[in-house]
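# Inside the fold
What follows is each chain in one-letter form.
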Amino acid sequence: YALPLLLGFLALTFAGPIRAFQDGGSSSQTSSKPSGNDSRYTWVMAGEGYLEGAHTTLDSYKAPGGERIDTTRANFGSADAAKTAHQHLDNSAAEIVKREDILDEAGKVIGERSVLTLVDKDHKKSTAIVITKGADFRELVSSSARDVLAYEDYTKPKPATERDAH
């Protein structure tokens, strides 16, 4: 997971609290939680680069307990290219904890989600969540499985009826 970070940085930005990003490839900042909870994760760094030829945005956040969560977003231009990048990460994992299809409302497969255990060259473990939907690619990585799963849930788009209730 560090490879895209090392190869990809063209620019770095340091920042403060951030609102959650909506899933779906857009990098616009929109809250998916009530406004009183917007600073649950602190945005600490951002960068841009390239991963397998695709423009990539990289962001790091600090979870409430202090763990770092690194995110990578890219649009590969085609579903096949995104799927290849996803499979590359799955194949490099020490363990595939879970792999599942992402379905649309009609039950058609529109993407894939994997939860992976990664081990770096220093034998440190981390958990990665890799999501592809069409040409869009998203990876979330943290040394804490609990924190990366909570961050994924925090940044998931909420149905309109749930958002409107807040």
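Remember, predicted model here, so these are calculated numbers, not experimental data. (Residues numbered from 1 in each chain as written. Predicted model: local features only at pLDDT ≥ 70, side-chain atom pairs only at ≥ 80, totals over all residues. Heavy atoms only, no water.)

## Remarks on the overall build of the protein
Here is the rule: Each helix is a run of H or I in the DSSP string that is no shorter than four residues. Each strand is a run of E no shorter than two, and both are numbered from the N terminus. Between buried and exposed lies partly exposed: a residue is buried under 20% and exposed over 50% of the maximum accessible area for its type, with that area taken using a 1.4 Å probe on protein chains only. It only takes one pair of heavy atoms within 4.5 Å for two residues to be counted as in contact. Under the convention used here, a 1.4 Å probe and the Shrake-Rupley method define accessible areas, while residue burial counts only the protein chains that appear.
Counting secondary structure elements, the protein contains four helices and eight strands. Counting from the amino terminus, the protein carries its helices and strands in the arrangement α-β-β-β-β-α-β-β-β-β-α-α. Residues classed as buried in the protein amount to 40% of the 166 residues present. Once local pairs closer than 6 in sequence are excluded, the contacts in the protein between residues at least 24 apart make up 47%. Element-wise, carbon and sulfur atoms account for 51% of the exposed surface of the protein, whose accessible area totals about 9100 Å².

## Quick word on the environment of Ala63
Residue position: Ala63 is located in the loop between strand E3 (54–62) and strand E4 (68–75). In sequence terms Ala63 and Ala150 are 87 residues apart; their C-alpha atoms lie 9.3 Å from each other. Residues in contact with Ala63, not counting those within four places in the same chain, are Arg40, Tyr41, Ile69 and Asp147.

## Side note on helix H3 (residues 145–155)
Under the convention used in this document: Taken from the helix axis, the directions to the C-beta atoms give the arc we talk about.
Residues Asp147, Val148, Tyr151, Glu152, Tyr154 and Thr155 constitute the buried set of H3. Seen along its axis, H3 keeps its buried residues to an arc of 160°; they face one direction. In this structure, the buried side of H3 is in contact with E3, E4, strand E6 (109–119), strand E7 (125–133) and strand E8 (136–142).

## A look at the side chain of Asp59
Under the convention used in this document: Charge counting treats Lys and Arg as positive and Asp and Glu as negative, with His and both chain ends excluded. For this document, the term salt bridge refers to a Lys or Arg side-chain nitrogen within 4 Å of an Asp or Glu carboxyl oxygen. A 3.5 Å cut-off defines polar contacts: any pair of N or O atoms within that distance qualifies, except that in protein one atom must be a possible hydrogen donor and the other a possible acceptor, and neighbouring residues in sequence count only when both atoms are side-chain atoms.
As for its placement among the helices and strands, Asp59 is situated in strand E3. No salt bridge is formed by the buried Asp59, whose closest oppositely charged neighbour, Arg73, lies at an N-O distance of 5.9 Å. Separated by 2.8 Å, the side chains of Asp59 and Trp43 make a polar contact. Contact partners of Asp59, with chain neighbours within four places excluded, come to Trp43, Met45, Ala46, Ile69, Asp70 and Thr71.

## Describing the pattern of salt bridges
In the structure shown here, the tally under the stated rule is seven salt bridges. Here Glu112 makes a salt bridge to Arg99, at a shortest N to O gap of 3.5 Å. Within this pair, whereas Glu112 is found in strand E6, its partner Arg99 is found in strand E5 (residues 95–103), the two being separated by 13 residues in sequence. Residue Glu112 is classed as buried on the basis of its relative accessible area of 14%. For Arg99, a relative accessible area of 47% translates into the label partly exposed. One continuous salt-bridge network, built from bridges that share partners, spans Lys98, Glu100, Arg113 and Glu152.

## Thoughts on the environment of Tyr154
Mapped onto the fold, Tyr154 is located in helix H3. Along the sequence, Tyr154 and Arg40 sit 114 residues apart, while their C-alpha atoms lie 9.2 Å from each other.

## Topic: the side chain of Thr56
Looking at the element boundaries, Thr56 is found in strand E3. The exposure class of Thr56 is buried, given its relative accessible area of 2%. Aside from chain neighbours lying at most four places away, what touches Thr56 is Gly47, Glu48, Gly49, Tyr50, Leu51, Thr72, Arg73 and Ala74.

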